[in-house]
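Working through the structure, step by step
Listed below are the residues making up each chain.
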Amino acid sequence: MPFEVPTTEKWSTKDTNTTDFPYTSSSQAFIAGFQKLHLVPNDSTFSGEVYAFKATSEKTITAYVRGLGVKEGTGNVLRWSPAYEEYQAGVIGTGNSTFDAGQSKWTYRVNFTHAFSEPPQVVTCFHHFELHNNKPWRLTCKATDIDKTGFTAHINAWGDTFITGGYLYWFAHPSDRKGVVSGDVTLMDTFRSKGKTYWPSGAFSRKPRICFVGLRYINSDSNTDGVNFGIDYTIEDDHVKFTILDEGRLEGASFSYILIE
């Protein structure tokens, strides 16, 4: 039966190995995100697709990364019952509208299944992205122009980055609902505040039991050495402490997060 409350699970996959998770109901809703990603170009080239999660049937959802130069990906998946009508989510990307390989900006208007009473909070993170050649990795996804009925989704690249496509997960929740807080943490934030992100007073009646994170932005000037980075977190009584780990040549990164009581 569907989950009575939202839940998270971790996933990890190496090379082309896959990790399957029970998907007990085809009507369950879920989003997934990269928590750590290791890309090592082969002969100065990265090619292929990097998926956080993909539904392979009505009964399983599979985590995997694949493609030349892809070493490993780890992350988490957030699942909940559709009975939680106050949560809305989906996947949107370049296949939903005209997109030419090498195009640096993509936008698409997303309409909610049903309108919110007030403009909600909208979280985005990468479902997958497709890059190739020995170009810098500079890529971001975001939501703008959020209103009661929808928002505008963006996938942008800059500099010499060459993308052939990409998709993002989105998750919307009422901005005034207690028990759920979402936001964004950057590499610079972890230096300025030692990674401590405090939630608004009264947002939770107890310490959150769920922290979902997903990669939203990456900036690496050189992919010849590869990138190996990710984020860890610890939930405290009044804040969550994030630590962004970088073992490559990372200039910037950002992760979206969702905290649920």
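Please refer to the structure higher up on the page.
Right, let's walk through the structure included here. Because the structure is predicted, anything quoted here is derived from the model rather than measured.

Calculation criteria
- Residues numbered from 1 in each chain as written.
- Predicted model: local features only at pLDDT ≥ 70, side-chain atom pairs only at ≥ 80, totals over all residues.
- Heavy atoms only, no water.
- Helix = DSSP H or I, 4+ residues; strand = E, 2+ residues; numbered from the N terminus.
- Buried < 20%, exposed > 50% of the residue type's maximum accessible area, 1.4 Å probe, protein only.
- Contact = heavy atoms within 4.5 Å.
- Disulfide = S-S within 2.5 Å.
- Pairing = 2+ DSSP bridges.
- Axes fitted to C-alpha atoms, helices over the stretch in contact; angles between N-to-C directions.
- Phe/Tyr/Trp six-rings, centres within 6.5 Å; stacked < 30°, edge-to-face > 60°.
- Polar contact = N/O pair within 3.5 Å; in protein donor to acceptor, adjacent residues only side chain to side chain.
- Salt bridge = Lys/Arg side-chain N within 4 Å of Asp/Glu carboxyl O.

Looking now at the overall build of the chain. Regarding its fold elements, the chain presents one helix and 19 strands. In the chain, which comprises 261 residues, the proportion classed as buried is 50%. In the chain, 77% of the contacts between residues at least 6 apart in sequence involve partners at least 24 apart.

Let us now look at the state of the cysteines. Tallied over the full model, the rule gives zero disulfides. No disulfide involves Cys125; its sulfur sits 6.6 Å from the nearest other cysteine sulfur, which is in Cys141. Of the residues examined, Cys141 reaches a relative accessible area of 0% and is grouped as buried.

Let us look at the sheet that holds strand S16 (residues 210-220). With antiparallel pairing, six strands are arranged side by side in an open sheet as S9-S12-S11-S16-S19-S14. The open sheet has two edge strands with one neighbour each: strand S9 (105-111) and strand S14 (180-186). Taken over all neighbouring pairs, the strand axes of this sheet differ in orientation by 20° on average, direction set aside. The sheet contact formed by strand S11 (residues 137-144) and strand S12 (residues 150-157) spans six bridges and is antiparallel. Considered in S12, the bridge of Cys141 is made with Ile155.

Okay, the packing of aromatic side chains next. Tallying each qualifying case throughout the model produces 15 aromatic pairs. With centroids separated by 5.7 Å and ring planes inclined at 5°, the aromatic side chains of Trp158 and Tyr217 adopt a geometry described as stacked. One end of the pair, Trp158, is in the loop between S12 and strand S13 (163-173); the other, Tyr217, is in strand S16, with 59 residues separating them in the sequence. Ring centres of Phe242 and Tyr257 lie 5.3 Å apart, and the angle between their planes is 40°; on these two criteria the pair is classed as tilted. Here Phe242 is found in strand S18 (residues 239-246), whereas its partner Tyr257 is found in strand S19 (residues 252-260), with 15 residues between them in sequence. As far as the burial class goes, Phe242 and Tyr257 line up, both buried.

This paragraph deals with unusual backbone geometry. Peptide bonds are trans in most cases, and residues, glycine excluded, mostly fall at negative phi. Here Asp145, not a glycine, exhibits a phi torsion of approximately 50°, which is positive. Along the chain, the position of Asp145 falls in the loop between S11 and S12.

So, about the side chain of His154. Secondary-structure assignment places His154 in strand S12. Judged by relative accessible area, which is 13%, His154 ranks as buried. Only 2.7 Å separates the side chain of His154 from the side chain of Thr144, close enough to count as a polar contact.

Below, the discussion takes up the pattern of salt bridges. One pass over the structure, following the stated rule, counts five salt bridges. Arg177 serves as the salt-bridge partner of Glu86, at 2.6 Å between the closest nitrogen and oxygen. Residue Glu86 is located in the loop between strand S7 (70-80) and strand S8 (88-93), and its partner Arg177 is located in the loop between S13 and S14; the two are separated by 91 residues in the primary sequence. When its relative accessible area of 30% is taken as the criterion, Glu86 is described as partly exposed. For Arg216, the salt bridge is made with Asp184, and the minimal N-O distance between the two is 2.8 Å. Of this pair, Arg216 sits in strand S16 while Asp184 is found in strand S14, placing the two residues 32 residues apart along the sequence. On the basis of relative accessibility, which here comes to 17%, the residue Arg216 falls in the buried class.

This part takes up the pairing of S12. Most of S12 is tucked away, with eight of its eight residues classed as buried. Of the two faces of S12, the one holding Gly150, Thr152, His154 and Asn156 and the one holding Phe151, Ala153, Ile155 and Ala157 are both buried throughout. Sheet topology places S9 next to S12; seven bridges connect them, and they run antiparallel. Counterpart to Tyr108 in the pairing with S12 is Ala153. Where S11 hands over to S12, the hairpin turn is made up of five residues, of which Asp145 adopts a positive phi near 50°.

Structural measurements only, silent on function.
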